[in-house]
Amino acid sequence: MNFVKRDIDVTDSVVVRALTGQSGAAHKWPISYDSIEFISATADVAIIFSASTLAGVAYHIQAYGTPGDIVQYFGSAALVSALFLSLMISRRMYKPAALLALRSQLRTIFLVWAAVFFLLAGTAFALKVSTEISRGASLLFAALGLTALTVHRIFWRSLLTKGITNRRFSGRRIVLITDYGQRAETNLAQTLESLGFKLERHFTLPPPERGGRHREDIITTAIECVRGSEVEEIIVGADLRHWKELRGLIAKLRILPFPVNVIPVGPTSEIFNQPYHELGNSVCVEVQRGPLTPMEYAAKRCIDIVVAGAGLLALSPLLAVVAVTIKLHSPGPVLFRQRRRGFNGGCFQIFKFRTMSVLEDGPTIAQAQCSDSRVTPLGKWLRRTSIDELPQLLNVLEGSMSLVGPRPHALAHDTQFEKLVRNYAFRHRVRPGLTGWAQVKGCRGPTPTARDIERRVEYDLWYIDNWSFGLDLAILLQTTIEVMSCRNAY
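Residues numbered from 1 in each chain as written. Predicted model: local features only at pLDDT ≥ 70, side-chain atom pairs only at ≥ 80, totals over all residues. Heavy atoms only, no water.

Novice: What is the right way to read the overall build of the protein chain from this model?
Specialist: In terms of helices and strands, the protein chain carries 16 helices and 11 strands. Every one of the 490 residues in the protein chain was classed for burial, and the buried ones make up 41%. In the protein chain, the proportion of contacts linking residues at least 24 apart, taken out of those at least 6 apart, comes to 74%. (Helix = DSSP H or I, 4+ residues; strand = E, 2+ residues; numbered from the N terminus. Buried < 20%, exposed > 50% of the residue type's maximum accessible area, 1.4 Å probe, protein only. Contact = heavy atoms within 4.5 Å.)

Novice: So what exactly am I meant to see when it comes to the packing of aromatic side chains here?
Specialist: In this description, a pair of aromatic rings is defined by centroid distance and the angle of the planes. On inspection of all chains with the given rule, the structure shows nine aromatic pairs. With a centroid separation of 5.4 Å and an interplanar angle of 70°, the aromatic rings of Phe117 and Phe141 are classed as edge-to-face. Of this pair, Phe117 sits in helix 5 (residues 102-126) while Phe141 sits in helix 6 (residues 135-166), placing them 24 residues apart in sequence. Of the two residues, Phe117 and Phe141, both sit in the buried class. (Phe/Tyr/Trp six-rings, centres within 6.5 Å; stacked < 30°, edge-to-face > 60°.)

Novice: Where do I start with the pairing of strand 8 (residues 335-341) in this structure?
Specialist: In the case of a regular strand, side chains alternate between the two sheet surfaces. Residue alternation in strand 8 divides its side chains into a buried set, Phe336, Gln338 and Arg340, and an unburied set, Leu335, Arg337, Arg339 and Arg341. Taken together, the seven bridges between strand 8 and strand 9 (residues 347-353) define a ladder with antiparallel strand orientation. Paired with Arg339 across the two strands is Gln349, which belongs to strand 9. If you look at the hairpin formed by strand 8 and strand 9, you'll find five residues sitting between the two strands, and Asn344 has a positive phi there, around 60°. (Pairing = 2+ DSSP bridges.)

Novice: Even after reading the chapter, I still don't get the nonpolar core, so can you show me in this structure?
Specialist: A general tendency of soluble globular proteins is for nonpolar side chains to be buried together. Counting residues in each nonpolar core, the largest one holds 32 residues, and the members touching the most others are Phe353, Leu382, Tyr463 and Ile475. Counting only elements with at least two residues in this core, the list comes to helix 10 (294-329), strand 9, helix 11 (377-385), helix 12 (392-398), strand 10 (402-404), helix 14 (437-440), helix 15 (450-465) and helix 16 (469-485). Counting residues in hydrophobic clusters, the runner-up holds 21 residues, among them Val175, Trp243, Leu246 and Ile250. (Core = buried A, V, L, I, M, F, W, Y, C linked by side-chain atoms within 4.5 Å.)

Novice: Can you walk me through helix 13 (residues 411-420) in this structure?
Specialist: Since the α-helix turns once every 3.6 residues, residues separated by three or four places project in the same direction. Buried residues of helix 13: Leu411, Ala412, His413, Asp414 and Phe417, and no others. On the buried face of helix 13, the contacting elements are strand 8, strand 9 and helix 15.

Taken by themselves, the reported measurements are silent on function.
Now the structure itself:
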(Lines give C-alpha, C1' and ligand atoms only; values in the text may rest on other atoms or scores of the structure.)
Protein backbone atom coordinates (compact mmCIF):
# COMPACT_ATOMS: atom_id res chain seq x y z
CA MET A 1 0.00 0.00 0.00
CA ASN A 2 1.39 3.39 -0.88
CA PHE A 3 0.37 7.01 -1.10
CA VAL A 4 0.31 8.58 -4.53
CA LYS A 5 -0.12 12.15 -5.62
CA ARG A 6 -1.81 11.88 -8.98
CA ASP A 7 -1.75 14.74 -11.43
CA ILE A 8 -5.48 15.37 -11.13
CA ASP A 9 -5.27 18.80 -9.58
CA VAL A 10 -4.40 20.64 -12.78
CA THR A 11 -5.65 24.20 -13.11
CA ASP A 12 -5.71 24.20 -16.89
CA SER A 13 -9.13 25.23 -18.18
CA VAL A 14 -9.43 22.11 -20.28
CA VAL A 15 -8.92 19.89 -17.28
CA VAL A 16 -11.41 21.92 -15.31
CA ARG A 17 -13.99 21.20 -18.01
CA ALA A 18 -13.15 17.52 -17.72
CA LEU A 19 -13.59 17.62 -13.95
CA THR A 20 -17.07 19.05 -14.35
CA GLY A 21 -18.00 16.26 -16.74
CA GLN A 22 -18.26 18.34 -19.92
CA SER A 23 -17.13 15.65 -22.32
CA GLY A 24 -18.68 13.45 -24.90
CA ALA A 25 -18.45 9.78 -25.71
CA ALA A 26 -15.47 8.80 -27.84
CA HIS A 27 -13.42 5.77 -28.83
CA LYS A 28 -10.63 4.97 -26.41
CA TRP A 29 -7.07 5.45 -27.54
CA PRO A 30 -4.63 2.54 -27.15
CA ILE A 31 -2.54 4.53 -24.66
CA SER A 32 -3.28 5.09 -20.99
CA TYR A 33 -2.91 8.27 -19.01
CA ASP A 34 -0.26 6.67 -16.81
CA SER A 35 1.90 5.74 -19.82
CA ILE A 36 2.19 9.33 -21.10
CA GLU A 37 5.29 10.06 -19.02
CA PHE A 38 7.22 7.08 -20.46
CA ILE A 39 6.03 7.67 -24.03
CA SER A 40 6.89 11.37 -24.06
CA ALA A 41 10.36 10.73 -22.60
CA THR A 42 11.01 7.97 -25.13
CA ALA A 43 9.87 10.26 -27.93
CA ASP A 44 12.36 12.89 -26.75
CA VAL A 45 15.17 10.35 -27.03
CA ALA A 46 14.08 9.47 -30.57
CA ILE A 47 13.93 13.17 -31.48
CA ILE A 48 17.41 13.85 -30.12
CA PHE A 49 18.91 10.87 -32.00
CA SER A 50 17.13 11.89 -35.21
CA ALA A 51 18.24 15.52 -34.89
CA SER A 52 21.86 14.52 -34.23
CA THR A 53 21.97 12.14 -37.18
CA LEU A 54 20.18 14.48 -39.57
CA ALA A 55 22.34 17.47 -38.58
CA GLY A 56 25.58 15.49 -38.89
CA VAL A 57 24.72 13.92 -42.24
CA ALA A 58 23.38 17.14 -43.75
CA TYR A 59 26.39 19.19 -42.63
CA HIS A 60 29.00 16.71 -43.82
CA ILE A 61 27.32 16.18 -47.19
CA GLN A 62 27.21 19.94 -47.67
CA ALA A 63 30.80 20.49 -46.51
CA TYR A 64 32.65 17.34 -47.60
CA GLY A 65 30.31 15.42 -49.89
CA THR A 66 30.12 12.39 -47.55
CA PRO A 67 27.64 11.54 -44.78
CA GLY A 68 30.38 11.32 -42.15
CA ASP A 69 30.61 9.02 -39.13
CA ILE A 70 27.13 7.80 -38.09
CA VAL A 71 28.54 6.20 -34.93
CA GLN A 72 29.82 9.60 -33.77
CA TYR A 73 26.39 11.14 -34.29
CA PHE A 74 24.79 8.38 -32.23
CA GLY A 75 27.40 8.84 -29.50
CA SER A 76 26.70 12.57 -29.30
CA ALA A 77 22.96 11.93 -29.23
CA ALA A 78 23.32 9.34 -26.45
CA LEU A 79 25.29 11.78 -24.28
CA VAL A 80 22.93 14.71 -24.93
CA SER A 81 19.78 12.64 -24.38
CA ALA A 82 21.12 11.18 -21.12
CA LEU A 83 21.85 14.62 -19.70
CA PHE A 84 18.67 16.19 -21.08
CA LEU A 85 16.36 13.45 -19.82
CA SER A 86 18.01 13.37 -16.41
CA LEU A 87 17.42 17.08 -15.91
CA MET A 88 13.88 16.99 -17.29
CA ILE A 89 12.89 13.98 -15.20
CA SER A 90 14.37 15.55 -12.06
CA ARG A 91 12.11 18.56 -12.67
CA ARG A 92 9.10 16.24 -13.28
CA MET A 93 8.54 17.80 -16.69
CA TYR A 94 7.16 14.61 -18.27
CA LYS A 95 4.17 14.44 -15.96
CA PRO A 96 0.92 15.00 -17.89
CA ALA A 97 0.11 18.05 -15.76
CA ALA A 98 3.51 19.54 -16.62
CA LEU A 99 3.08 18.75 -20.33
CA LEU A 100 -0.14 20.76 -20.30
CA ALA A 101 1.70 23.85 -19.02
CA LEU A 102 3.13 24.79 -22.42
CA ARG A 103 4.87 28.03 -21.44
CA SER A 104 6.64 26.37 -18.53
CA GLN A 105 7.61 23.45 -20.77
CA LEU A 106 9.11 25.64 -23.48
CA ARG A 107 11.01 27.76 -20.98
CA THR A 108 12.43 24.68 -19.23
CA ILE A 109 13.36 22.98 -22.52
CA PHE A 110 15.27 26.03 -23.69
CA LEU A 111 17.17 26.40 -20.41
CA VAL A 112 17.99 22.68 -20.06
CA TRP A 113 18.93 22.31 -23.74
CA ALA A 114 21.24 25.33 -23.56
CA ALA A 115 22.76 24.11 -20.28
CA VAL A 116 23.49 20.68 -21.76
CA PHE A 117 25.27 22.10 -24.81
CA PHE A 118 27.24 24.65 -22.78
CA LEU A 119 28.29 21.88 -20.39
CA LEU A 120 29.40 19.60 -23.21
CA ALA A 121 31.21 22.45 -24.98
CA GLY A 122 33.06 23.31 -21.78
CA THR A 123 33.95 19.67 -21.17
CA ALA A 124 35.22 19.24 -24.72
CA PHE A 125 37.36 22.36 -24.36
CA ALA A 126 38.75 21.25 -20.99
CA LEU A 127 39.65 17.79 -22.33
CA LYS A 128 41.14 19.33 -25.50
CA VAL A 129 38.94 17.26 -27.79
CA SER A 130 37.03 20.18 -29.29
CA THR A 131 39.07 19.96 -32.53
CA GLU A 132 37.60 16.50 -33.16
CA ILE A 133 34.02 17.80 -33.03
CA SER A 134 32.46 19.62 -35.95
CA ARG A 135 31.22 22.99 -34.73
CA GLY A 136 28.91 23.41 -37.69
CA ALA A 137 27.28 20.03 -37.14
CA SER A 138 26.96 20.72 -33.40
CA LEU A 139 25.27 24.09 -33.96
CA LEU A 140 22.91 22.56 -36.51
CA PHE A 141 22.16 19.71 -34.07
CA ALA A 142 21.38 22.24 -31.32
CA ALA A 143 19.03 24.24 -33.57
CA LEU A 144 17.24 21.21 -35.06
CA GLY A 145 16.91 19.50 -31.68
CA LEU A 146 15.47 22.55 -29.95
CA THR A 147 13.00 23.15 -32.79
CA ALA A 148 11.88 19.52 -32.82
CA LEU A 149 11.48 19.39 -29.04
CA THR A 150 9.39 22.56 -29.16
CA VAL A 151 7.09 21.11 -31.82
CA HIS A 152 6.90 17.89 -29.79
CA ARG A 153 5.66 19.80 -26.74
CA ILE A 154 3.03 21.63 -28.79
CA PHE A 155 1.88 18.25 -30.09
CA TRP A 156 1.59 16.81 -26.57
CA ARG A 157 -0.33 19.82 -25.35
CA SER A 158 -2.81 19.38 -28.19
CA LEU A 159 -3.03 15.61 -27.67
CA LEU A 160 -3.58 15.86 -23.93
CA THR A 161 -6.13 18.61 -24.34
CA LYS A 162 -8.15 16.48 -26.74
CA GLY A 163 -7.69 13.26 -24.79
CA ILE A 164 -8.68 14.67 -21.42
CA THR A 165 -11.60 16.67 -22.76
CA ASN A 166 -13.08 13.71 -24.62
CA ARG A 167 -11.94 11.01 -22.17
CA ARG A 168 -10.14 9.03 -24.84
CA PHE A 169 -7.34 7.53 -22.78
CA SER A 170 -7.51 3.78 -22.26
CA GLY A 171 -6.99 3.37 -18.54
CA ARG A 172 -6.70 0.71 -15.87
CA ARG A 173 -9.74 -1.01 -14.40
CA ILE A 174 -10.18 0.23 -10.84
CA VAL A 175 -12.40 -0.05 -7.79
CA LEU A 176 -12.89 3.17 -5.82
CA ILE A 177 -13.57 3.29 -2.08
CA THR A 178 -14.42 6.65 -0.51
CA ASP A 179 -15.52 8.02 2.84
CA TYR A 180 -19.18 8.85 3.35
CA GLY A 181 -20.05 12.54 3.30
CA GLN A 182 -16.92 13.70 1.52
CA ARG A 183 -17.82 16.41 -0.98
CA ALA A 184 -14.91 15.37 -3.17
CA GLU A 185 -16.06 11.75 -3.61
CA THR A 186 -18.19 12.43 -6.71
CA ASN A 187 -15.60 14.74 -8.22
CA LEU A 188 -12.90 12.17 -7.52
CA ALA A 189 -14.79 9.49 -9.42
CA GLN A 190 -15.37 11.84 -12.36
CA THR A 191 -11.73 12.91 -12.30
CA LEU A 192 -10.43 9.34 -12.42
CA GLU A 193 -12.75 8.52 -15.31
CA SER A 194 -11.71 11.68 -17.17
CA LEU A 195 -8.07 10.62 -16.85
CA GLY A 196 -8.79 7.29 -18.51
CA PHE A 197 -9.42 4.96 -15.57
CA LYS A 198 -12.31 2.56 -16.02
CA LEU A 199 -14.34 2.63 -12.81
CA GLU A 200 -15.77 -0.87 -12.25
CA ARG A 201 -17.33 -0.25 -8.83
CA HIS A 202 -17.55 2.61 -6.37
CA PHE A 203 -18.00 1.73 -2.69
CA THR A 204 -18.85 4.35 -0.08
CA LEU A 205 -17.98 3.71 3.56
CA PRO A 206 -20.80 4.55 6.01
CA PRO A 207 -20.14 7.19 8.70
CA PRO A 208 -18.12 5.98 11.70
CA GLU A 209 -21.00 6.63 14.09
CA ARG A 210 -22.89 3.75 12.50
CA GLY A 211 -20.25 1.41 13.88
CA GLY A 212 -17.05 -0.12 12.63
CA ARG A 213 -18.84 -3.36 11.73
CA HIS A 214 -20.73 -1.70 8.88
CA ARG A 215 -17.53 -0.24 7.48
CA GLU A 216 -15.78 -3.61 7.67
CA ASP A 217 -18.68 -5.18 5.80
CA ILE A 218 -18.19 -2.71 2.94
CA ILE A 219 -14.49 -3.62 2.73
CA THR A 220 -15.38 -7.32 2.73
CA THR A 221 -17.90 -6.72 -0.08
CA ALA A 222 -15.25 -4.84 -2.08
CA ILE A 223 -12.80 -7.73 -1.67
CA GLU A 224 -15.39 -10.26 -2.88
CA CYS A 225 -16.17 -8.01 -5.86
CA VAL A 226 -12.53 -7.74 -6.88
CA ARG A 227 -11.70 -11.44 -6.56
CA GLY A 228 -11.90 -13.20 -9.90
CA SER A 229 -12.54 -9.93 -11.76
CA GLU A 230 -10.40 -7.97 -14.21
CA VAL A 231 -9.78 -5.15 -11.74
CA GLU A 232 -6.14 -4.01 -11.76
CA GLU A 233 -6.02 -1.46 -8.95
CA ILE A 234 -7.88 -0.26 -5.87
CA ILE A 235 -8.01 3.45 -5.06
CA VAL A 236 -9.11 4.76 -1.69
CA GLY A 237 -10.20 8.39 -1.39
CA ALA A 238 -9.85 9.21 2.28
CA ASP A 239 -9.69 12.15 4.64
CA LEU A 240 -6.46 11.53 6.54
CA ARG A 241 -7.92 13.03 9.69
CA HIS A 242 -9.55 9.59 10.07
CA TRP A 243 -6.39 7.72 9.14
CA LYS A 244 -6.04 5.95 12.50
CA GLU A 245 -9.33 4.13 11.90
CA LEU A 246 -8.96 3.80 8.13
CA ARG A 247 -5.54 2.16 8.39
CA GLY A 248 -7.07 -0.97 9.91
CA LEU A 249 -9.78 -1.14 7.26
CA ILE A 250 -7.34 -0.67 4.39
CA ALA A 251 -5.02 -3.30 5.85
CA LYS A 252 -7.70 -5.90 5.07
CA LEU A 253 -7.16 -5.20 1.35
CA ARG A 254 -3.68 -6.74 1.57
CA ILE A 255 -5.27 -10.08 0.84
CA LEU A 256 -5.69 -8.93 -2.77
CA PRO A 257 -2.73 -9.11 -5.21
CA PHE A 258 -3.30 -5.58 -6.51
CA PRO A 259 -1.82 -2.18 -5.77
CA VAL A 260 -3.80 -0.13 -3.27
CA ASN A 261 -3.35 3.62 -3.60
CA VAL A 262 -4.68 6.32 -1.30
CA ILE A 263 -5.72 9.71 -2.67
CA PRO A 264 -6.07 12.23 0.18
CA VAL A 265 -9.27 14.28 0.03
CA GLY A 266 -10.64 16.97 2.28
CA PRO A 267 -8.68 19.73 4.03
CA THR A 268 -5.62 17.56 4.72
CA SER A 269 -5.09 16.92 1.00
CA GLU A 270 -3.68 20.42 0.51
CA ILE A 271 -0.36 19.50 2.08
CA PHE A 272 0.19 16.76 -0.52
CA ASN A 273 0.18 19.39 -3.27
CA GLN A 274 3.34 20.92 -1.79
CA PRO A 275 6.90 19.90 -2.71
CA TYR A 276 8.71 17.75 -0.17
CA HIS A 277 12.15 16.31 0.50
CA GLU A 278 13.74 13.89 2.92
CA LEU A 279 15.23 15.29 6.10
CA GLY A 280 17.05 12.43 7.79
CA ASN A 281 14.44 9.75 8.42
CA SER A 282 11.59 12.23 8.15
CA VAL A 283 9.71 13.84 5.28
CA CYS A 284 9.85 17.63 5.19
CA VAL A 285 6.96 19.37 3.38
CA GLU A 286 7.60 22.83 1.95
CA VAL A 287 4.35 24.69 2.66
CA GLN A 288 5.92 27.96 1.47
CA ARG A 289 8.94 28.28 -0.78
CA GLY A 290 11.24 31.23 -0.71
CA PRO A 291 10.64 33.68 -3.56
CA LEU A 292 14.10 32.87 -4.95
CA THR A 293 16.35 29.83 -4.73
CA PRO A 294 19.97 30.45 -3.63
CA MET A 295 21.12 30.20 -7.26
CA GLU A 296 18.41 32.58 -8.48
CA TYR A 297 19.22 35.03 -5.69
CA ALA A 298 22.94 34.95 -6.56
CA ALA A 299 22.24 35.48 -10.26
CA LYS A 300 19.80 38.34 -9.61
CA ARG A 301 22.28 39.97 -7.22
CA CYS A 302 25.10 39.72 -9.79
CA ILE A 303 22.89 41.39 -12.40
CA ASP A 304 21.99 44.15 -9.91
CA ILE A 305 25.66 44.85 -9.14
CA VAL A 306 26.75 44.85 -12.79
CA VAL A 307 23.87 47.01 -14.07
CA ALA A 308 23.89 49.45 -11.13
CA GLY A 309 27.67 49.86 -11.32
CA ALA A 310 27.64 50.37 -15.06
CA GLY A 311 24.69 52.76 -14.77
CA LEU A 312 26.42 54.92 -12.18
CA LEU A 313 29.55 55.14 -14.33
CA ALA A 314 27.65 55.92 -17.53
CA LEU A 315 25.37 58.47 -15.86
CA SER A 316 28.01 60.13 -13.66
CA PRO A 317 28.19 63.31 -15.83
CA LEU A 318 24.40 63.72 -15.66
CA LEU A 319 24.34 63.00 -11.93
CA ALA A 320 27.07 65.59 -11.33
CA VAL A 321 25.24 68.26 -13.33
CA VAL A 322 21.96 67.58 -11.49
CA ALA A 323 23.69 67.67 -8.11
CA VAL A 324 25.33 71.04 -8.84
CA THR A 325 22.05 72.48 -10.20
CA ILE A 326 20.11 71.41 -7.10
CA LYS A 327 22.74 72.99 -4.85
CA LEU A 328 22.63 76.26 -6.74
CA HIS A 329 18.86 76.31 -7.18
CA SER A 330 17.67 76.06 -3.57
CA PRO A 331 19.10 75.72 -0.05
CA GLY A 332 19.43 72.26 1.40
CA PRO A 333 21.23 68.97 0.73
CA VAL A 334 21.55 67.49 -2.74
CA LEU A 335 20.33 64.04 -1.70
CA PHE A 336 17.07 63.34 0.10
CA ARG A 337 17.29 60.46 2.59
CA GLN A 338 14.25 58.75 4.01
CA ARG A 339 13.73 55.57 5.99
CA ARG A 340 12.00 52.79 4.08
CA ARG A 341 11.16 49.19 4.90
CA GLY A 342 12.94 46.55 2.84
CA PHE A 343 13.58 42.82 2.73
CA ASN A 344 12.09 40.95 5.71
CA GLY A 345 10.83 44.25 7.14
CA GLY A 346 14.30 45.67 7.79
CA CYS A 347 14.80 49.44 7.56
CA PHE A 348 17.20 51.23 5.25
CA GLN A 349 17.78 54.77 4.01
CA ILE A 350 16.70 55.40 0.44
CA PHE A 351 18.60 57.94 -1.69
CA LYS A 352 16.88 60.38 -4.05
CA PHE A 353 17.71 63.76 -5.49
CA ARG A 354 16.00 66.40 -3.36
CA THR A 355 12.95 67.75 -5.21
CA MET A 356 11.09 69.45 -2.35
CA SER A 357 11.68 72.35 -0.01
CA VAL A 358 11.07 70.01 2.97
CA LEU A 359 12.76 66.82 4.19
CA GLU A 360 9.96 64.80 5.79
CA ASP A 361 10.75 61.55 7.58
CA GLY A 362 8.50 61.37 10.61
CA PRO A 363 5.33 59.58 11.78
CA THR A 364 3.19 61.67 9.41
CA ILE A 365 4.16 62.28 5.80
CA ALA A 366 1.89 63.76 3.14
CA GLN A 367 2.17 62.10 -0.27
CA ALA A 368 3.15 64.29 -3.22
CA GLN A 369 0.15 65.50 -5.23
CA CYS A 370 -0.31 67.24 -8.55
CA SER A 371 0.80 70.91 -8.25
CA ASP A 372 2.25 70.23 -4.79
CA SER A 373 3.57 73.51 -3.33
CA ARG A 374 6.43 71.68 -1.59
CA VAL A 375 7.98 70.64 -4.93
CA THR A 376 10.59 73.06 -6.28
CA PRO A 377 10.50 74.16 -9.95
CA LEU A 378 13.58 72.07 -10.68
CA GLY A 379 12.07 69.24 -8.65
CA LYS A 380 9.00 69.15 -10.88
CA TRP A 381 11.19 68.44 -13.90
CA LEU A 382 13.28 65.88 -12.04
CA ARG A 383 10.17 64.03 -10.85
CA ARG A 384 8.50 64.06 -14.27
CA THR A 385 11.59 62.55 -15.89
CA SER A 386 12.23 60.23 -12.90
CA ILE A 387 15.83 61.48 -12.76
CA ASP A 388 15.30 62.05 -9.04
CA GLU A 389 15.19 58.23 -8.61
CA LEU A 390 18.66 57.60 -10.14
CA PRO A 391 20.61 57.85 -6.83
CA GLN A 392 18.80 54.67 -5.81
CA LEU A 393 21.37 52.87 -7.95
CA LEU A 394 23.54 53.36 -4.85
CA ASN A 395 20.93 51.45 -2.84
CA VAL A 396 21.00 48.69 -5.45
CA LEU A 397 24.79 48.57 -5.33
CA GLU A 398 24.88 48.34 -1.53
CA GLY A 399 22.22 45.59 -1.51
CA SER A 400 19.30 47.30 0.25
CA MET A 401 17.38 47.41 -3.06
CA SER A 402 17.20 45.56 -6.36
CA LEU A 403 16.68 46.85 -9.89
CA VAL A 404 13.22 45.27 -9.99
CA GLY A 405 10.90 44.63 -7.06
CA PRO A 406 8.02 46.17 -5.11
CA ARG A 407 8.57 49.91 -4.63
CA PRO A 408 9.34 50.78 -0.98
CA HIS A 409 7.17 53.29 0.88
CA ALA A 410 7.96 55.60 3.76
CA LEU A 411 7.61 54.02 7.22
CA ALA A 412 4.63 56.22 8.01
CA HIS A 413 2.84 55.02 4.88
CA ASP A 414 3.77 51.38 5.58
CA THR A 415 2.03 51.61 8.94
CA GLN A 416 -1.05 53.13 7.30
CA PHE A 417 -1.19 50.63 4.39
CA GLU A 418 -0.77 47.57 6.64
CA LYS A 419 -4.06 48.52 8.31
CA LEU A 420 -5.83 48.84 4.96
CA VAL A 421 -4.50 45.76 3.12
CA ARG A 422 -4.23 42.45 4.96
CA ASN A 423 -1.42 40.99 2.82
CA TYR A 424 0.55 44.21 2.54
CA ALA A 425 3.51 42.89 4.54
CA PHE A 426 3.96 40.03 2.03
CA ARG A 427 5.69 42.57 -0.23
CA HIS A 428 8.71 42.40 2.08
CA ARG A 429 9.52 38.82 1.07
CA VAL A 430 11.89 40.23 -1.59
CA ARG A 431 14.13 43.27 -1.86
CA PRO A 432 12.31 46.47 -2.91
CA GLY A 433 13.04 47.67 -6.42
CA LEU A 434 14.00 50.75 -8.35
CA THR A 435 11.04 49.84 -10.57
CA GLY A 436 8.39 47.15 -10.36
CA TRP A 437 5.48 45.32 -11.97
CA ALA A 438 2.97 47.67 -10.34
CA GLN A 439 4.75 50.73 -11.72
CA VAL A 440 4.76 49.53 -15.35
CA LYS A 441 1.06 48.74 -14.92
CA GLY A 442 0.35 52.39 -14.15
CA CYS A 443 0.44 52.28 -10.34
CA ARG A 444 2.73 55.26 -9.84
CA GLY A 445 2.28 58.36 -7.78
CA PRO A 446 -0.10 58.88 -4.84
CA THR A 447 -2.53 56.30 -3.46
CA PRO A 448 -5.50 58.38 -2.25
CA THR A 449 -7.90 55.43 -1.80
CA ALA A 450 -7.70 51.95 -0.28
CA ARG A 451 -8.39 50.44 -3.71
CA ASP A 452 -5.32 52.19 -5.13
CA ILE A 453 -2.99 50.56 -2.63
CA GLU A 454 -4.80 47.22 -2.98
CA ARG A 455 -4.16 47.23 -6.74
CA ARG A 456 -0.51 48.04 -6.16
CA VAL A 457 -0.15 45.22 -3.63
CA GLU A 458 -1.91 42.78 -5.98
CA TYR A 459 0.60 43.54 -8.73
CA ASP A 460 3.52 43.31 -6.30
CA LEU A 461 2.42 39.92 -4.94
CA TRP A 462 1.85 38.62 -8.48
CA TYR A 463 5.40 39.63 -9.35
CA ILE A 464 6.81 37.81 -6.31
CA ASP A 465 4.85 34.63 -7.11
CA ASN A 466 5.71 34.68 -10.82
CA TRP A 467 9.27 35.99 -10.77
CA SER A 468 11.66 35.11 -13.59
CA PHE A 469 14.65 36.73 -15.27
CA GLY A 470 12.50 37.24 -18.36
CA LEU A 471 9.90 39.10 -16.30
CA ASP A 472 12.58 41.36 -14.82
CA LEU A 473 13.88 42.17 -18.29
CA ALA A 474 10.36 42.92 -19.54
CA ILE A 475 9.74 45.25 -16.59
CA LEU A 476 12.99 47.14 -17.21
CA LEU A 477 12.08 47.62 -20.87
CA GLN A 478 8.53 48.72 -20.05
CA THR A 479 9.89 51.11 -17.42
CA THR A 480 11.62 53.06 -20.17
CA ILE A 481 8.29 53.54 -21.94
CA GLU A 482 6.54 54.39 -18.67
CA VAL A 483 9.14 57.05 -17.80
CA MET A 484 8.76 58.65 -21.24
CA SER A 485 4.99 58.84 -20.80
CA CYS A 486 5.39 60.75 -17.48
CA ARG A 487 2.16 59.16 -16.23
CA ASN A 488 1.31 60.04 -12.59
CA ALA A 489 4.81 61.47 -12.07
CA TYR A 490 4.13 64.32 -9.60
